[in-house]
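If you want the building blocks of each chain, they are given just below.
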Amino acid sequence: MDSEEDSFMRQASTQHQEDCNLKMSPERARQEIEQYKDLCSALDQDNMMLQKDKEAVEQRLQHVKKERELLQKNLKQKPPNDDKVSLQVDISVARDEKSRLTQEKQMLENKLEEMRKRILREDPMMMLHALPERKVVFKGLTRDKEDMNKLVLTPLIRYPLSGGSALITFEKAEVAQRVIEMKEHVVELSHGEDPEDLDRCQVRVQAGPVDILLPSALEIGLTRGSRSILVSGLPSLGIPEDILLDKLELFFSKTKNGGSEVESREFLDDCGQVVLTFTQDGVAEQLLTRGQVQVPIGKTKYKLKISPYMRGDVTNLQLQPSRCTRTVLLSGIPDVLAEEPMRDALEIHFQKDSRGGGEVDVLGYVPAGRRAVAVFREDVG
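A short tour of the structure in this document, coming up. (Residues numbered from 1 in each chain as written. Predicted model: local features only at pLDDT ≥ 70, side-chain atom pairs only at ≥ 80, totals over all residues. Heavy atoms only, no water.)

## Notes on the overall build of the protein
Condition: Think of it this way: any DSSP run of H or I at least four residues long counts as a helix, any run of E at least two long counts as a strand, and we number them from the N terminus. For every residue, the accessible area obtained with a 1.4 Å probe (protein chains only) is divided by the maximum for its type, and the residue is called buried under 20%, exposed over 50%, and partly exposed between those limits. By definition, residues are in contact when any of their heavy atoms lie within 4.5 Å.
Summing up its helical and strand segments, the protein has eight helices and ten strands in all. Taking all 381 residues of the protein together, the buried fraction comes to 31%. Within the protein, counting contacts between residues at least 6 apart in sequence, those at least 24 apart form 75% of the total.

The following block contains the structure:
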């Protein structure tokens, strides 16, 4: 039993040393997940063996207890003088056996608990079961099984626009390509019949492609805060966040609650959870072993979950240029009309087939002297 446990712990320690600087590409993440699955399987096997040993010890304790009761019963019913010494020796041996088995049972329980703590402390991927639960609503598309272990990035690109420019997105990519190839466009701002008036109401704009940078490779390093915990399961009481943070800090700063002096606190708006960081080492680990605590808020006690606080930092990001197939950048637009009329004039011009245009999906115009940011999302059309 000891040799198998030592073998497993050496395997887990070696695996941890190799992966302590976690940098996960999708392929690397898939490989490491398989490795951690093997570690989990080995841990489960050791856990089962320890449980079996524990059950065997308890059975032996029950057997010794019954033998002791039987000996005591026989001693009371028929205590011959010449057998008293022998019976006392048997009772003493039974007591020693019971004490030994009790110590062995406690030792096995201590080993099991130490193994759990070590795995939780050294292997971040093994902490997933301890992370807080979060309800989600699936609104996406189902994928094939081979894509389930891949990391999928959804683009959300912010593109700066200077004054005197516009972004126009057509419904068809071939229209955008045709507009770009023409390069220069004469846009009419007036529909009068006087030729001289027409000359004064025309502007020339330049059409060009829109190139953005998209991530081609991403590596994220996971680190666990040694002094921090994540508190989840907070009730919705409608009280200000500062008051809720004060109550949590007051509770977790008391040593009788397993806490210590709180160094910082942070309310995570996106998930409604709180990060608490303590000034002393070891406090967070002790709270993590408990898993849950009863915290009084107002006149009611609420069961809150305590989880490890994991921080993910981008360690490597590679980008590659990508061209928007349906969007065109218009530049050199003079400040001769108000924003709304100029937007209408541009949209009317580029909707005409005779001008090389087509059906316009979206048009955004930034007047001279101003700046704006366009946001590009994933094209699901």
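Still more to cover.
## What about the packing of aromatic side chains?
Convention followed: In this analysis, rings of Phe, Tyr and Trp, with Trp reduced to its six-membered ring, are considered paired at centre separations within 6.5 Å, and the interplanar angle assigns stacked below 30 degrees, edge-to-face beyond 60, and tilted for intermediate values.
Evaluated as defined, the whole model comprises two aromatic pairs. Ring plane angle 85° and centroid distance 6.0 Å describe the contact between Tyr 159 and Phe 376, whose orientation is recorded as edge-to-face. Here Tyr 159 is found in strand E1 (residues 156–161), whereas its partner Phe 376 is found in strand E10 (residues 372–377), with 217 residues between them in sequence. By relative accessible area, Tyr 159 is classed as buried at 16%.

## Observations regarding a nonpolar patch on the surface
Put simply, the rule reads: What goes into a patch is any residue over 30% in relative accessible area without a salt bridge, connected to like charges within 9 Å or, for nonpolar side chains (Val, Leu, Ile, Met, Phe, Trp, Tyr), within 5 Å. Areas reported as accessible are Shrake-Rupley estimates using a 1.4 Å probe. Residue values count occlusion only from the protein chains shown. Think of a salt bridge as a Lys or Arg side-chain nitrogen and an Asp or Glu carboxyl oxygen that are within 4 Å of each other.
Judged by side-chain polarity, Leu 213, Val 314, Leu 317 and Leu 319 come together as a nonpolar surface patch covering roughly 380 Å² of accessible area. With three residues, strand E8 (residues 300–331) is the single largest residue contributor to the nonpolar patch. With respect to the element layout, Leu 213 can be found in strand E4 (residues 202–232). On the accessibility criterion, Leu 213 (48% relative accessible area) is partly exposed.

## Here we look at the environment of Gln 103
Topologically, Gln 103 is positioned in helix H3 (residues 84–122). Looking at Gln 103, the relative accessible area reads 56%, which means it is exposed. Taking the C-alpha atoms as reference points, Gln 103 and Val 57, separated by 46 residues in sequence, lie 9.9 Å from one another.

## Here we look at helix H8 (residues 339–351)
Stated formally: Take the residue count of a helix, subtract one, and multiply by 1.5 Å to get its expected span. The directions from the helix axis to the C-beta atoms are what the arc is built from.
If you check H8, its first and last C-alpha atoms are 18 Å apart, about what 13 residues at 1.5 Å a residue would give, namely 18 Å. Those residues of H8 that fall on the buried side of the exposure criterion are Met 342, Arg 343, Ala 345, Leu 346, His 349 and Phe 350. For H8, the buried positions fall inside an angular range of 160° around the axis, keeping them on one side. The secondary structure elements touched by the buried residues of H8 are strand E2 (165–170), helix H4 (173–182), strand E3 (184–188), E4, E8 and strand E9 (360–366).

## Considerations on the pattern of salt bridges
A full pass over the atoms with the stated rule returns 15 salt bridges. Between Glu 97 and Arg 60 there is a salt bridge, with its nearest N and O atoms 3.5 Å apart. Of this pair, Glu 97 sits in helix H3 while Arg 60 is found in helix H2 (residues 26–77), placing the two residues 37 residues apart along the sequence. The class for Arg 60 is partly exposed, based on a relative accessible area of 37%. Residues Arg 100 and Glu 97 are paired through a salt bridge, measuring 2.8 Å at the closest nitrogen-oxygen approach. You can see Arg 100 and its partner Glu 97 sitting in helix H3, three residues apart, about one turn around the helix.

## What to know about the side chain of Ser 165
Put simply, the test is: Counting of polar contacts relies on pairs of N or O atoms within 3.5 Å, with two restrictions inside protein: one atom must be capable of donating a hydrogen and the other of accepting it, and residues adjacent in sequence are counted only when both atoms are side-chain atoms.
Relative to the helices and strands, Ser 165 resides in strand E2. Taking the relative accessible area as the measure of exposure, Ser 165 reaches 4% and is therefore buried. Looking at Ser 165, its side chain comes within polar contact range of the main-chain oxygen of Ser 162, at 2.5 Å. The contacts of Ser 165, once residues within four sequence positions are left out, are Leu 329, Leu 330, Ser 331, Ile 333, Gly 364, Tyr 365 and Val 366.

## Brief notes about the environment of Asp 269
Note that Asp 269 resides in the loop between strand E5 (262–268) and strand E6 (273–278). Among the residues examined, Asp 269 registers a relative accessible area of 63% and is labelled exposed. For Asp 269 and Glu 241, which are 28 residues apart along the polypeptide, the C-alpha to C-alpha distance reads 10.0 Å.

## Considering the nonpolar core
Filter applied, for reference: What we call a nonpolar core is a set of buried Ala, Val, Leu, Ile, Met, Phe, Trp, Tyr and Cys residues that are connected through their side-chain atoms within 4.5 Å.
Residues Ile 229, Val 231, Leu 248, Phe 252 and Val 295 are the most contacted members of the largest nonpolar core, which totals 21 residues. Of all the secondary-structure elements, those providing two or more residues to this core are E4, helix H6 (241–252), E6, helix H7 (283–290), strand E7 (292–297) and E8. Residue contacts for Phe 252: discarding those within four places in its chain leaves Ile 229, Val 231, Gly 259, Ser 260, Val 262, Leu 276, Phe 278, Leu 287, Val 293, Val 295 and Ile 306. Counting residues in each nonpolar core, the second largest holds 20 residues, with Ile 168, Val 187, Val 205 and Ile 333 among its members.

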